[in-house]
Amino acid sequence: MKKTLGLILAAMLLVGGNAFATEGVLIDFTQLDADCVSDENGNSTQNGRTVMDYSVSAGATFNEDQKNLMKTSLSLPEWEVTLNSSAKTVSSLADSQVVAAPVKESADVPFAGKNIMGVRIVFPSWNANANAKVVPPFVIPAYEPLSTADENGVRQEPTDEAKASGKTLFEDGYGIVKNVGTLKSISVTTMGMNFPHGLYVLMSDTDGVERRYFMGYLGFDGWKELKWNNPQYISEIRNREIRVYPIYPRGLPFVKFEGFQITRDAAHVGGDFIGYFKDVKIIYDKALLTSDRDIADEDLWGIITKKENSRQNAEMQKFGNKQVNRYLEKAKLATEDEFTSSLNSDSSSNAQQTSGQAASVAE
């Protein structure tokens, strides 16, 4: 009997080494279509699931109409390309951008007919090591409550169902995965265009520590899943260094998507880089097997709620200040493409006649 029990326990340990690992979608770019906040032409500009209102950080000098325009989201055209100092030129800053790239209906992929992330980066044409980051328009909040937004991008009060789910706004493929222990592997679905550049995935954790993971080189043609496998991941439970952490009030650890980094070696071709990305997935060990406990610790003590509210307010303040400054800069942009003429459009002045005569002589 003792021998049988020992065998059962050993089998449970062996199975447990792989049973705790699970797959999660960190971000899925097909979910980031613009579906709310229409512009003057009636075209949607923001993604309803991820739209954020940063007018809370605007001062009293702004009127309500201006504050209603202060919204942004993870809609793909809102993403940014930031270049390192070796790659920054006027033309590269102007032309490097992110767009929603439609996949043909005839494509032999499960996401045919949907939009994915399309990236254009203008690297230096001369020999220089350069890199660029593709980052969201704001740091993705980890503690934003799950709720819906109306057609104008106004966030609604969380429903009872949303509260009961225990999830936050940016989970389920919008940039956050919670209850993450040890990362086992990372996958990026991308379409290569034979560029020899390197690809990194940027992620941060609960403590705000950002790490980058080298996925490989993009020197191939067609769709491919680039994978990073944790070289320090130990599948055998007996060989692991077991660490036990207090369950409460530490809360659920998470990972957050911070963007991509594309690197160009000085020896490789420069100029335009074009890339397409569909999603980022992770396989990880759960930090906790279950969060359903016999005593509602948080309802009793409220420690995590207080801590998360403080972090959320800090995130929103930082995000809001940055976006308000961008709004002000955008409002100051020159919109005129041509000068207002000082001459009559139907004038037959000597100056025009002289110009015409000069043109005839030149011919």
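In this text, all values refer to a predicted model and were calculated from it rather than measured experimentally.

A. Just the environment of Asp53, in detail. With respect to the helices and strands, Asp53 occurs in strand β4 (residues 52-53). Exposure remark for Asp53: the relative accessible area of 31% places this residue in the partly exposed category. Spatially, the C-alpha atom of Asp53 lies 8.0 Å from that of Arg155, the residues being 102 residues apart in sequence.

B. Structural context of the packing of aromatic side chains. All chains considered together, the criterion is met by 13 aromatic pairs. Geometrically, the ring pair formed by Phe29 and Phe257 is edge-to-face, given 6.3 Å between the ring centres and 70° between the ring planes. Placement of Phe29 in the loop between β1 (21-28) and β2 (36-38) and of Phe257 in strand β15 (residues 254-264) is noted, with a sequence separation of 228 residues between them. For Phe29, a relative accessible area of 0% corresponds to the buried category.

C. Spatial organisation of the confidence of the model for the protein chain. Averaged over every residue, the pLDDT of the protein chain is 82; the share at 70 or more is 77%. Of the regions scoring below 50 in pLDDT, residues 1-19 engages in eight contacts with residues more than four places distant in sequence or in other chains. Below a pLDDT of 50 lies the segment residues 353-363, which in the model reaches one contact outside its immediate sequence neighbourhood of four places, other chains included.

Rules of the game
- Residues numbered from 1 in each chain as written.
- Predicted model: local features only at pLDDT ≥ 70, side-chain atom pairs only at ≥ 80, totals over all residues.
- Heavy atoms only, no water.
- Helix = DSSP H or I, 4+ residues; strand = E, 2+ residues; numbered from the N terminus.
- Buried < 20%, exposed > 50% of the residue type's maximum accessible area, 1.4 Å probe, protein only.
- Phe/Tyr/Trp six-rings, centres within 6.5 Å; stacked < 30°, edge-to-face > 60°.
- pLDDT = per-residue confidence, 0-100.
- Contact = heavy atoms within 4.5 Å.

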